[in-house]
Amino acid sequence: MYKRQVRKDAKRVRHAAESVEPVYGKRAAKLAKAAHKQQKILGDHHDSVIARDVLGKLGSATDLPEPVALAYNSLLEREERIAAAAESKYRKARRKAGRLLKRGVK
């Protein structure tokens, strides 16, 4: 739930920055771009969370042939790596956006 709210907040920041871009120029554009990047990263993470949930349910069936169970486990591990990479990217993007916000758009 928390990450969903963060994604919504990033969208609000992006729209606010885009609306003042004609007045504040390049700094507002950079802030909008940074917020959009955060939205995309959080969206990728959310997609991975949903995929892991579905794969976990599908892979937990007791009557699966071994190759199919291994395939589900392989996909689940891949989604875990994707989620971890998205979290790392988000921390980096958040720091960058934080520096932009501290400077302000003026």
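Structure first, text after, so check above.
Attention here is on the structure that accompanies the text.

Criteria and thresholds
Residues numbered from 1 in each chain as written. Predicted model: local features only at pLDDT ≥ 70, side-chain atom pairs only at ≥ 80, totals over all residues. Heavy atoms only, no water. 1 Å grid on protein atoms, 1.4 Å probe; cavity = no way out; pocket = protein on both sides within 12 Å on 5 of 7 lines; lining within 4 Å. Points joined across faces, edges and corners; volume = space filled by probe spheres on them. Helix = DSSP H or I, 4+ residues; strand = E, 2+ residues; numbered from the N terminus. Nonpolar A, V, L, I, M, F, W, Y, C, P; charged D, E, K, R; others polar. Expected span 1.5 Å × (residues − 1). Buried < 20%, exposed > 50% of the residue type's maximum accessible area, 1.4 Å probe, protein only.

Looking at the layout of surface pockets
Then, number 1: The calculated volume of the largest pocket comes to roughly 270 Å³.
Then, number 2: Surrounding the largest pocket, Lys30, Lys33, Ala34, Lys37, Ile41, Lys89, Lys92, Ala93, Lys96 and Leu100 form its lining.
Then, number 3: Listed by contribution, the elements that provide at least two residues to the lining of the largest pocket are helix 2 (26-59) and helix 3 (66-103).
Then, number 4: Per-class residue counts for the lining of the largest pocket are four nonpolar, no polar and six charged.

With respect to helix 3
Then, number 1: Between its terminal C-alpha atoms helix 3 stretches 56 Å, which fits the 56 Å expected from 38 residues at 1.5 Å a residue.
Then, number 2: Residues Glu79, Ala83, Ala86, Tyr90, Ala93, Ala97 and Leu100 constitute the buried set of helix 3.

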